[in-house]
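Next come the chains, spelled out residue by residue.
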Amino acid sequence: MTGDPELITGHGGQIDAMAKAFPDAPLPWIDLSTGINPFPYPLPSIAEKAWTRLPTAADRVACEAAMASAFGCDMSHCRAVAGTEVAIRQLPTILGCRRVVLRHRSYADHADSWHAAGADVIAVEDPLYDQARGDAVVIVNPNNPDGKRWSIDRIEVTRSALAQRGGWLIVDEAYGDLDPANSMASFAGRDSLIVLRSFGKFFGLAGLRLGAVLAPSHMLARLGSMLGGWDVSGPALRIGAIAYADFEWQNATRRKLLDARKNMSLALARAEVEELGGTDLFRFIRVQDAAGLWERLARNGIAVRKFGGDNQHLRIGIAAPDNLDRLAFALSP
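Visitor: Please explain the overall build of the protein as it appears in this structure.
Guide: A count of helical and extended segments in the protein gives 12 helices and 13 strands. Relative to the 2.2 N^0.38 estimate, which gives 20 Å for 333 residues, the radius of gyration of the protein is 20 Å and therefore close to what a compact globule would have. Viewed in the frame of its principal axes, the protein has a C-alpha envelope of about 55 × 50 × 35 Å. Sequence-distant contacts in the protein: of pairs separated by 6 or more residues, those separated by 24 or more amount to 69%. Of the roughly 14,500 Å² of accessible surface on the protein, 51% is carried by carbon and sulfur atoms. Mean positive and mean negative side-chain charge positions of the protein (36 and 38 charges, respectively) differ by 2 Å.

Here it is, written out as structure tokens:
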């Protein structure tokens, strides 16, 4: 080991750093640190003009129409963005809220972005319960990394309460495509509600950098003025238009991921690893020595997500069938 494994925290996907820290690990590396679909959408053929000219308004309209149809919302309340992280970084400035309530363990970019904007960040167990403490509330539903879910009814009660006092509710549905029935997307356009949807995780094409913001039209106009008209590439808009319209692939993929999650749960159980929750794209586990298991997996060329200051929990992305045996072997004491 030549790198410093203690530096590999925060976001997953740091395979270059993992390879440097564990140069003797077997190849190829299996990246289970990100919670990205191991069965990616098959890349369609893209016309040359998508690469050689700037994307047109029609390109954006086609993608956003397909997004809105898949989400079940009005197209006027849907804006494509170059990945939801760009929106997460802009929203604190756009909204101008000074006190934000969010879950004490969740996707860290939300807290980081509000801190950077100078807001008072209040981390609690249940942001919906403590919504009165802030003028903005952020939840990730289902939550990353533990998979906690809030019901639509409960979220809507919070949105209504925030709307009455001019606050904002941000619902990050990065994994919302796994269970469309539990999405707030159909409420898009209502006062005080912003929904974030990610493309790369469910469709398995994280490098494409595509996502959507669902919000009242005036909020999307403000976001658009900050991002400009060409923030999403032509190829990304074209692939998004095709993939979001492919309901057959989406439905089949949900079934495939459910089967893969069940098989992975069996492998974890055989290794006497305790599952605490998660989604069909990642599992949240508790072990006695998380750092030790993380390193053992790394020495076997498998990257999973660890958490700074926490030696009991790991997050493991769903393994493709051809990688499950290697994971099961590495998990064995």
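Visitor: Looking at this structure, I do not really get the sheet that holds strand β9 (residues 274-279). What am I missing?
Guide: Across the sheet, 4 strands lie side by side as β9-β10-β13-β12; this open sheet has antiparallel pairing. Looking along the sheet, the strands with just one partner apiece sit at the ends: β9 and β12 (305-307). Ignoring strand direction, the axes of neighbouring strands in this sheet form an average angle of 25°. Pairing between strand β10 (residues 282-286) and strand β13 (residues 310-317): 5 bridges, direction antiparallel. Its bridge partner lying in β13, Ile 285 is registered against Leu 314. Lying on the sheet, helix α10 (residues 247-270) is in contact with β9, β10 and β13; it crosses β10 at an angle near 20°. Packed on one face of the sheet, helix α11 (residues 290-299) meets β10, β12 and β13 and runs near 40° to β13.

Visitor: Even after reading the chapter, I still don't get the packing of α10 against helix α12 (residues 321-331), so can you show me in this structure?
Guide: Helix packing geometry: the angle between the two helix axes and the distance between the axes. The geometry of α10 relative to α12 is characterised by a closest axis approach of 9 Å and an angle of 20° between their N-to-C directions. Between α10 and α12, the interaxial angle falls into the category roughly parallel. Viewed along their axes, α10 and α12 form a crossing whose handedness is right-handed. Between α10, through Asn 263, Met 264, Ala 267 and Leu 268, and α12, the contact on the second element is made entirely by Leu 324, Leu 327, Ala 328 and Leu 331. When its residues are assigned to classes, the contact of α10 with α12 shows 7 nonpolar, 1 polar and no charged.

Visitor: Before we go on, may I ask you to explain the environment of Val 101 in this structure?
Guide: Along the chain, Val 101 turns up in strand β3 (residues 99-103). Along the backbone, Val 101 and Leu 128 are 27 residues apart, and their C-alpha atoms lie at a distance of 8.5 Å. Apart from the residues within four sequence positions on either side, Val 101 is in contact with Ile 122, Val 124, Pro 127, Asp 130, Arg 133, Gly 134, Ala 136, Val 137 and Val 138.

Visitor: Even after reading the chapter, I still don't get the layout of surface pockets, so can you show me in this structure?
Guide: As a volume, the second largest pocket reaches approximately 150 Å³. Lining the second largest pocket are 14 residues, with Ala 50, Arg 53, Asp 59, Gly 234 and Arg 238 positioned closest to its centre. At the level of secondary structure, the elements contributing two or more residues to the lining of the second largest pocket comprise α2 (49-52), α3 (57-71) and α9 (234-244). Of all the elements, α9 adds the most residues to the lining of the second largest pocket, at 4 residues. Here the lining of the second largest pocket is built from residues that sort into 8 nonpolar, 2 polar and 4 charged.

Visitor: What exactly am I supposed to notice about the environment of Ala 267 here?
Guide: By the element assignment, Ala 267 lies in helix α10. Judged by its relative accessible area of 7%, Ala 267 falls in the buried class. For the pair Ala 267 and Leu 331, spaced 64 residues apart in sequence, the C-alpha separation works out to 8.6 Å. With sequence-adjacent residues up to four places away left out, Ala 267 is seen in contact with Leu 324 and Ala 328.

Visitor: Whenever I open this one, the packing of aromatic side chains confuses me. Can you help?
Guide: In this description, a pair of aromatic rings is defined by centroid distance and the angle of the planes. Summed over all chains, the structure comprises 12 aromatic pairs. Aromatic pair Phe 22 and Trp 294: ring centres 5.8 Å apart, planes at 70°, arrangement edge-to-face. One end of the pair, Phe 22, is in the loop between α1 (15-21) and β1 (30-31); the other, Trp 294, is in helix α11, with 272 residues separating them in the sequence. Of the two residues, Phe 22 and Trp 294, both sit in the buried class. Members of the aromatic cluster, connected to one another through ring pairs, are Tyr 41, Phe 71, Phe 199, Phe 202, Phe 203, Tyr 244 and Trp 249. Geometry around Phe 307 places Arg 105 over its ring, the cationic atom sitting 4.9 Å from the centre. Seen from the ring of Phe 39, Lys 256 lies directly overhead, with NZ or CZ sitting 5.1 Å from the centre.

Criteria and thresholds
- Residues numbered from 1 in each chain as written.
- Predicted model: local features only at pLDDT ≥ 70, side-chain atom pairs only at ≥ 80, totals over all residues.
- Heavy atoms only, no water.
- Helix = DSSP H or I, 4+ residues; strand = E, 2+ residues; numbered from the N terminus.
- Rg over C-alpha atoms; globule rule 2.2 N^0.38 Å.
- Contact = heavy atoms within 4.5 Å.
- Areas by Shrake-Rupley, 256 points an atom, 1.4 Å probe, with all protein chains shown as cover.
- Lys, Arg positive; Asp, Glu negative; His and termini not counted.
- Charge placed at Lys NZ, Arg CZ, Asp CG, Glu CD.
- Pairing = 2+ DSSP bridges.
- Axes fitted to C-alpha atoms, helices over the stretch in contact; angles between N-to-C directions.
- Parallel < 35°, antiparallel > 145°, perpendicular 65-115°, else oblique.
- Left-handed = near helix turned anticlockwise from the far one by under 90°.
- Nonpolar A, V, L, I, M, F, W, Y, C, P; charged D, E, K, R; others polar.
- 1 Å grid on protein atoms, 1.4 Å probe; cavity = no way out; pocket = protein on both sides within 12 Å on 5 of 7 lines; lining within 4 Å.
- Points joined across faces, edges and corners; volume = space filled by probe spheres on them.
- Buried < 20%, exposed > 50% of the residue type's maximum accessible area, 1.4 Å probe, protein only.
- Phe/Tyr/Trp six-rings, centres within 6.5 Å; stacked < 30°, edge-to-face > 60°.
- Lys NZ or Arg CZ within 6 Å of the ring centre and 35° of its normal.

What is shown is where atoms sit, not what they do.
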